[in-house]
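The chain contents come next:
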Amino acid sequence: MTLNIDFGESDFAPEENPKAAGGTELMQKWLFSRIDPELKNYFQWVASRKRKLEDKPRLFWVHDLAQDPEVAFLKEHKNMLEFEKIIFVSNWQQYQYGVYLGLPYDHGVVIQHAIEPIPEHEKPKDKISCIYMSTPHRGLEVLLGAWKHLKENNKSEEVQSAELNIFSSFKIYDRSWMDEQYRHVYKAAQEMDGVNYHGTVSNDEIREALKTQHIMAYPSIYQETSCITAIEAMSAGCLCVVPNLGALPETCANFAWMYGMEQDQNKHMQVHAHILGRAIQHFWDDDVQNLLKIQKNYTNMFYSWELRTGQWIQFLKAIYE
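Since the structure is predicted, the reported quantities are computational estimates derived from the model, not experimental observations. (Residues numbered from 1 in each chain as written. Predicted model: local features only at pLDDT ≥ 70, side-chain atom pairs only at ≥ 80, totals over all residues. Heavy atoms only, no water.)

Caption draft 1: Fine view of the overall build of the protein. For the protein, the count of helices and strands is 13 helices and 10 strands. Its C-alpha atoms give the protein principal-axis dimensions of about 65 × 40 × 35 Å. Sorting the 321 residues of the protein into buried and exposed places 53% on the buried side. Intrachain contacts of the protein at a sequence separation of at least 6 include 69% that bridge at least 24 residues. Looking at the protein as shown, the accessible area adds up to about 15,100 Å², and 48% of this sits on carbon and sulfur atoms. Averaged over its 32 positive side-chain charges, the protein has a centre that lies 1 Å from the centre of its 44 negative ones. (Helix = DSSP H or I, 4+ residues; strand = E, 2+ residues; numbered from the N terminus. Buried < 20%, exposed > 50% of the residue type's maximum accessible area, 1.4 Å probe, protein only. Contact = heavy atoms within 4.5 Å. Areas by Shrake-Rupley, 256 points an atom, 1.4 Å probe, with all protein chains shown as cover. Lys, Arg positive; Asp, Glu negative; His and termini not counted. Charge placed at Lys NZ, Arg CZ, Asp CG, Glu CD.)

In structure tokens:
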């Protein structure tokens, strides 16, 4: 079944929709709370959707794929020059814009995402809990198939007692009408043993839930330009099971249990189920726990707002001055 994932030509840019709470909106909120208002207001910030341009220095902070129709205008050199700089969220994304749109490297800069570290905590020992916390079109149906396959074919005590928590809907983008084409997926999740479907909750609730989760199960079929959910999961000491698609290898920095992306959905289900099963069975192994400690320290340092705010201010002041 082919599902229509058309976000449409919205009249609003992400920064103009106060109800949306996706990664783009969260990153703007977090950054703007940390920089001098005078420095912030010196620029027009355009986040992924070019709409009305103002007569001031402009920054295009892109979160979308290079193939997105919303950024096709960058193919024209004169359109690119409407902005002081194009800000990318990963090196992989900048490379893609060069390949698909011919965007020269010297007109762009990479400033990666940042988070507040997840506080120290102890994981529950009674069972392994897995979490999916992305929109449904990015791999939820694959995950449900993998979970069913896993439970039917891996009879280990760890796998049979494991649970899956799903936080997913389009309400996060304030586009709840798009959920209609995923009703059958949500229904399947609600009816599966060992699966808890929670819909969309706030980022604060996700961060609290991560303290009780052991594994981020994300069989992504979407080329992420970066992945805040993976960063927060890594900070929470979760083992990430993901394919090597898009910017996930860069974001996860070799800590994830990563496998080769499968284009065939059935093969992807089987591969993800196999790797996820191993992750569940070996989560408490000493070598895995040692890796997760290093992962948490790395994530809390490299993706910290203390580090990233300094990079942003240095970048902005170089243009401002």
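Additional details are given in the paragraphs that follow.
Caption draft 2: Examining the layout of surface pockets more closely. Its boundaries defined by the atoms lining it, the second largest pocket holds a volume of some 350 Å³. E120, H121, K123, Q289 and K293 are, among the 13 residues lining the second largest pocket, the residues nearest its centre. The residue inventory of the lining of the second largest pocket, partitioned by class, reads 4 nonpolar, 4 polar and 5 charged. (1 Å grid on protein atoms, 1.4 Å probe; cavity = no way out; pocket = protein on both sides within 12 Å on 5 of 7 lines; lining within 4 Å. Points joined across faces, edges and corners; volume = space filled by probe spheres on them. Nonpolar A, V, L, I, M, F, W, Y, C, P; charged D, E, K, R; others polar.)

Caption draft 3: Highlighting a nonpolar patch on the surface. On the surface, a nonpolar cluster with roughly 450 Å² of combined accessible area is contributed by Y95, V99, Y100 and Y105. Residue placement: V99 occurs in helix α4 (residues 91–101). (Patch = residues over 30% accessible without salt bridge, like charges linked within 9 Å, V, L, I, M, F, W, Y side chains within 5 Å. Salt bridge = Lys/Arg side-chain N within 4 Å of Asp/Glu carboxyl O.)

Caption draft 4: The sheet that holds strand β8 (residues 215–217), seen in detail. Overall, parallel pairing links the 6 strands, which are arranged β7-β6-β5-β8-β9-β10 in an open sheet. Each edge of the open sheet carries a strand with a single partner, namely β7 (195–197) and β10 (257–259). Neighbour-to-neighbour, the strand axes of the sheet open up by a mean angle of 20 degrees, direction not taken into account. The pairing of strand β5 (residues 129–132) with β8 spans 2 bridges and is parallel. Within β8, the position partnered with C130 by the bridge is I215. (Pairing = 2+ DSSP bridges. Axes fitted to C-alpha atoms, helices over the stretch in contact; angles between N-to-C directions.)

Caption draft 5: Expanded view of the side chain of D64. Structurally, D64 can be placed in the loop between β2 (58–61) and α3 (77–80). Assessed through its relative accessible area of 12%, D64 is described here as buried. Within the local environment of D64, its side chain forms a polar contact with the side chain of R49, the two groups lying 2.4 Å apart. When near neighbours in sequence (up to four residues on either side) are disregarded, D64 contacts S48, R49, Q93, Y97 and T225. (Polar contact = N/O pair within 3.5 Å; in protein donor to acceptor, adjacent residues only side chain to side chain.)

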